[in-house]
Amino acid sequence: MKTLAIKDLIPGMVLGETVYTSQGQLIMEANSTLTSEGIYKLSFYNISHVNVEDSDSGLSEGYLPNPSRASNPSNSQKVKSQPEFMKFQIEYTKETNALRQVFDGIIANPKAPIDLDQILNNFSTLVASINTTVDLFDKLHNMRLDDDSVYSHCLNVALIARRMGKWLRFSREELNILTLCGLFHDIGKTSIPDEILNKPEKYTDEEFTLIKQHPLFGYKLLKKLPIDDRIKKAALQHHERCDGSGYPQGLLENSIDDYAEIIAIADVYDATTAARSYRAPLCPFQAIALFQKDGLQKYRPQYILTFLNRIASTYQNNRVLLNSGQSAKIVMINAKHLTKPMIQMDDGSIIDMLTKPELEIIKII
């Protein structure tokens, strides 16, 4: 028996010991033969290493694996192997660094004018490297890091919000304002010490109280700048909710700016689909489920329904991993139950997930 990192596992290897989550939930039993889906499942639950049988190279009899997995690459492998993704990575890194410099300049001199046209021109280069909606989310999901910075998060939110603006048929000028709202929405987090902001453990009450002040910190930084008021309001109101449950002011729907509403949805989606020290990134269908659990009444219907329907439809015909360890293909989205589509199993059978409440989609593969 030998211990291997998840990244070094190959389909066909045999688990030497039963694997559990940190909460004691069974993931996979000893002597199970690993499949691509099984390896994805281990990765999803943030398992870093497992023990495998080392006799006959740890492979089950009669199984001839492809060490590179190139014969059955995952969606992530396909995305990362594309030259377009490498171009996107370069532009993304350049834009993240540029945004850091802009934030530093505002912090150093909150009254100095900033070149919004140059910021938008730089951003347009990044947008030009993205084709479709699925291309956008594939690229964003594959740029994920455990230590996603404030700057990369702001960049992601701007990209997602701009896409939402297109779905809502915003004009070019409106799209540009919405983009700037996304880019600047979390500038207030630069006023919070990194040791608190990046703390892997649960916040203390005092720390969470400080975190909840970041919209006010952001508004104060942007307040005196000669920029559109909607950008300032997005920084101040992106954690407000229509039912009054948000912060820092507990505003109700009629008091929340429309652009701040859109940024709020993009902000939550990006945060839930990003990796964290305590969990793997959630897949789009899990993010949809969280929105539904949180309560759609927290968001304006025309924005949240448009967003969730578009996200779900984006993954029509994609292969997915289920919490059962099985893989399937989405054949039809259920408009009334977005997280429960019709799926085709590997044996060709069709399952309506509404009839299988125990089944959940946990990864796009």
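An account of the accompanying structure is given in this report.

Calculation criteria
Residues numbered from 1 in each chain as written. Predicted model: local features only at pLDDT ≥ 70, side-chain atom pairs only at ≥ 80, totals over all residues. Heavy atoms only, no water. Helix = DSSP H or I, 4+ residues; strand = E, 2+ residues; numbered from the N terminus. Buried < 20%, exposed > 50% of the residue type's maximum accessible area, 1.4 Å probe, protein only. Salt bridge = Lys/Arg side-chain N within 4 Å of Asp/Glu carboxyl O. Pairing = 2+ DSSP bridges. Axes fitted to C-alpha atoms, helices over the stretch in contact; angles between N-to-C directions. Contact = heavy atoms within 4.5 Å. Core = buried A, V, L, I, M, F, W, Y, C linked by side-chain atoms within 4.5 Å.

**Brief notes about the environment of N31**
Piece 1. Its location among the elements puts N31 in the loop between β3 (26-28) and α1 (36-44).
Piece 2. Here N31 falls in the exposed class, since its relative accessible area comes to 57%.
Piece 3. Expressed as a C-alpha distance, the spacing of N31 and S124, which sit 93 residues apart in the sequence, is 51 Å.

**Considerations on the pattern of salt bridges**
Piece 1. Under the defined criterion, the tally for this structure stands at 10 salt bridges.
Piece 2. Notably, a salt bridge pairs D228 with R230, separated by 2.9 Å at the nearest N-O pair.
Piece 3. Using a relative accessible area of 25% as the deciding quantity, one classes R230 as partly exposed.
Piece 4. Taking the shortest distance from any N to any O, the salt bridge between R300 and D258 comes out at 3.3 Å. Remark: D258 occurs in helix α12 (residues 258-272) and R300 occurs in the loop between α13 (284-294) and α14 (301-314); sequence separation between them is 42 residues.
Piece 5. For R300, a relative accessible area of 8% gives the class buried.
Piece 6. Residues participating in the shared-partner salt-bridge network are E253, D258 and R300.

**Side note on the sheet that holds strand β5 (residues 319-322)**
Piece 1. Read from one edge of the open sheet, 5 strands run β8-β7-β6-β5-β9, paired in antiparallel fashion. Edge positions in the sheet fall to β8 (350-352) and β9 (361-364), since each of these pairs with one other strand and no more. Across the sheet, the mean angle from the axis of one strand to that of its neighbour is 40°, orientation sign disregarded.
Piece 2. Relative to β8, strand β7 (residues 342-345) is paired through 3 bridges, and the arrangement is antiparallel. When the bridges of β8 are listed, Q344 appears paired with I350.
Piece 3. Lying on the sheet, α13 is in contact with β6 (327-332) and β9; it crosses β9 at an angle near 140°.

**Comments concerning the nonpolar core**
Piece 1. In terms of nonpolar packing, the biggest core is built from 82 residues, with L183, F184, F285, F291 and F307 touching the most fellow members.
Piece 2. Broken down by element, this core gets its largest block of residues, 11 residues, from helix α6 (residues 150-167).
Piece 3. Other than its neighbours up to four places away in sequence, F307 contacts I160, M164, W167, I265, Y269 and F291.
Piece 4. Judged by nonpolar contacts, the second largest core, of 15 residues, contains L15, V19, I27 and L42.

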